[in-house]
Amino acid sequence: MGAATTVILDGGMGRELQRRGAPFRQPEWSALALSEAPQAVEAVHVAYIASGANVITSNSYAVVPFHIGEARFAAEGQALAALAGELAQRAVQASGKAVRVAGSLPPLFGSYRPDLFDASRAHELLAPLVTGLAPHVDLWLAETQSSTVEARAIHAGLPKDGKPFWLSFTLKDEDTDEVPRLRSGEPVADAAAVAAELGVEVLLFNCSQPEVIGGAIDAARETFERLGVSIHIGAYANAFPPQPKEATANDGLDPLRDDLDPPGYLQWAADWRKRGASHLGGCCGIGPEHIAVLAQTLG
């Protein structure tokens, strides 16, 4: 495939809201602005579209009890998810561009924590998100999934609406060995086989250091070739230092790496493209200026 086939994704939402002075604190993370400054959320979407993103992601990642609490989720979860979808769709309509909205379906029990996954509650937490987002999104994106169990649970809760299913795993990026692995320890090759079984349109890797993504792309590509399936591969890394196993995504703000400025991040993305990734964007700490460079150079 030539470079012209690259699909450019957006970047992180939370840090960009913070950078713009929107209401932003832990544990609510990016969900706080949905209720207190929705215009700021829409403005971030607008900025990513202006930077050249072909796909933007709804700001529904933190609309889970882990971030906003059980009581608020029960009372407002569906409405907040609907608002996240509306704001993304509004930005697309204002742009007049053929940009798609991905409905973000996050880890339901906390990022990087496959040990916290509770299968008995998965449907209860997923249903309000899906119901709220459904009228506004063009595809479903289960992102930052730490295990295949999480991914299967989200897939099982999707409506039979014919919309594409994109699946994005987060990778182990500290205490690593020579085998690319999910944060659960499962090999990426096994996870790619599960993705093929679930019928994903795109398999991505996100919210990990860029250093571990290339190997994961290779493992996924080789698995798909072995299985004889045609599935797109993508990546959107974060700008964090390594995240330890006991990390929780709602207890503070991580520092960002100085070397992952737009030119530095582009070098990684260009390598992923050479390895076969056709969908490229950014996660936490990767902003519109990074996406603009990707769009200009690789799009």
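Note that the structure is a prediction, hence the values are computed from the model and not measured.

Q: Got a minute to help me understand the overall build of the chain in this structure?
A: Scanning the chain for helices and strands turns up eleven helices and eight strands. For 299 residues, the compact-globule estimate of 2.2 N^0.38 gives 19 Å, and the C-alpha radius of gyration of the chain, at 17 Å, lies within 12% of that figure. Principal-axis analysis of the C-alpha atoms places the extent of the chain at approximately 45 × 45 × 40 Å. Going through the 299 residues of the chain one by one, you find that 58% of them count as buried. Put simply, of all contacts in the chain between residues at least 6 apart along the chain, 78% involve residues at least 24 apart. Distance between charge centroids for the chain: 3 Å, based on 23 positive and 36 negative side chains.

Q: Mind showing me how you'd approach the packing of aromatic side chains here?
A: Both the distance between ring centres and the angle between the ring planes are used here to describe each pair of aromatic rings. Applying the stated criterion across every chain yields a total of three aromatic pairs. When the ring of Phe24 is compared with that of Trp29, the centres are 5.0 Å apart and the planes differ by 55°; the resulting orientation is tilted. For the pair Phe24 and Trp29, a shared accessibility class is recorded, and that class is buried. Residues Phe109 and Phe117 carry aromatic rings whose centres are separated by 5.6 Å and whose planes lie at 90° to one another, so their mutual orientation is edge-to-face. Per residue, the accessibility class of Phe109 equals that of Phe117, and both read buried. We note Arg183 situated over the ring of Tyr112; from NZ or CZ to the ring centre the distance is 4.0 Å.

Q: In this structure, what is going on with the sheet that holds strand β4 (residues 139–145)? I would like to understand it.
A: Strands belonging to one sheet form pairs held by backbone hydrogen bonds; the direction of such a pair is parallel or antiparallel. If you trace the eight strands from one edge of the open sheet to the other, you get β1-β8-β7-β6-β5-β4-β3-β2, paired in parallel fashion. One side of each edge strand has no neighbouring strand; the edge strands of this open sheet are β1 (7–8) and β2 (55–57). Where strand β3 (residues 100–105) and β4 come together, four bridges link them in parallel fashion. Within β4, the residue paired with Leu105 across the bridge is Ala142. Those strands touched by helix α10 (residues 262–274) are β7 (232–237) and β8 (279–282), and its axis lies near 160° from that of β8.

Q: How should the pattern of salt bridges be read in this particular structure?
A: Side chains that carry opposite charge are capable of pairing whenever their charged atoms lie near each other. Per the counting criterion, the structure on display carries 19 salt bridges. Between Glu289 and Arg19 there is a salt bridge, and its shortest N-O distance comes to 3.1 Å. In this pair, Glu289 is assigned in helix α11 (residues 288–298) and Arg19 in helix α1 (residues 14–19), connecting sequence segments 270 residues apart. Assessed through its relative accessible area of 31%, Glu289 is described here as partly exposed. Notably, a salt bridge pairs Arg72 with Glu76, separated by 3.3 Å at the nearest N-O pair. Taken together, the residues span about one helical turn, with Arg72 and Glu76 both in helix α5 (residues 70–95) at a distance of four residues. Here the salt bridges do not stand alone but share partners, grouping Asp218, Arg221, Glu222, Glu225, Asp271 and Arg275 into one network.

Q: Is there a simple way to explain α10 in this structure?
A: In an α-helix, one turn spans 3.6 residues, which is why side chains three or four residues apart end up on the same side. Over its 13 residues, α10 runs 18 Å from end to end, which matches the ideal 18 Å to within 8%, given 1.5 Å per residue. Taken together, the buried residues of α10 touch α9 (213–227), β7, β8 and α11. Between a side-chain oxygen at the N-terminus of α10 and the backbone nitrogen of Gly264 the separation is 2.9 Å; the capping residue is Asp261. A positive backbone phi angle near 120° is found at Gly276, which sits one or two residues after α10.

Q: Is there a simple way to explain the nonpolar core in this structure?
A: For soluble globular proteins, nonpolar side chains are generally found buried alongside one another. Ranked by size, the top nonpolar core spans 86 residues in total, and within it Ile56, Leu105, Leu167, Leu203, Phe205, Trp272 and Leu294 carry the most contacts. Not counting the four nearest positions on each side in its chain, Phe205 is found in contact with Ser168, Phe169, Leu171, Val188, Ile213, Ala216, Ile217, Ala220, Ile233, Gly234, Ala235 and Tyr236.

Q: Please clarify how the environment of His67 should be interpreted in this entry.
A: Checked against the element boundaries, His67 lands in helix α4 (residues 65–68). Looking at His67, its side chain comes within polar contact range of the main-chain oxygen of Pro27, at 2.7 Å.

Q: How should the pairing of β3 be read in this particular structure?
A: Consecutive side chains along a regular strand alternate between the two faces of the sheet. Burial of β3 is extensive: five of the six residues sit out of reach of the surface. Crossover β3 to β4 through helix α6 (residues 122–133) is right-handed.

The rules behind the values
- Residues numbered from 1 in each chain as written.
- Predicted model: local features only at pLDDT ≥ 70, side-chain atom pairs only at ≥ 80, totals over all residues.
- Heavy atoms only, no water.
- Helix = DSSP H or I, 4+ residues; strand = E, 2+ residues; numbered from the N terminus.
- Rg over C-alpha atoms; globule rule 2.2 N^0.38 Å.
- Buried < 20%, exposed > 50% of the residue type's maximum accessible area, 1.4 Å probe, protein only.
- Contact = heavy atoms within 4.5 Å.
- Lys, Arg positive; Asp, Glu negative; His and termini not counted.
- Charge placed at Lys NZ, Arg CZ, Asp CG, Glu CD.
- Phe/Tyr/Trp six-rings, centres within 6.5 Å; stacked < 30°, edge-to-face > 60°.
- Lys NZ or Arg CZ within 6 Å of the ring centre and 35° of its normal.
- Pairing = 2+ DSSP bridges.
- Axes fitted to C-alpha atoms, helices over the stretch in contact; angles between N-to-C directions.
- Salt bridge = Lys/Arg side-chain N within 4 Å of Asp/Glu carboxyl O.
- Expected span 1.5 Å × (residues − 1).
- Polar contact = N/O pair within 3.5 Å; in protein donor to acceptor, adjacent residues only side chain to side chain.
- Core = buried A, V, L, I, M, F, W, Y, C linked by side-chain atoms within 4.5 Å.
- Right-handed = clockwise from strand over helix to strand, strands pointing away.

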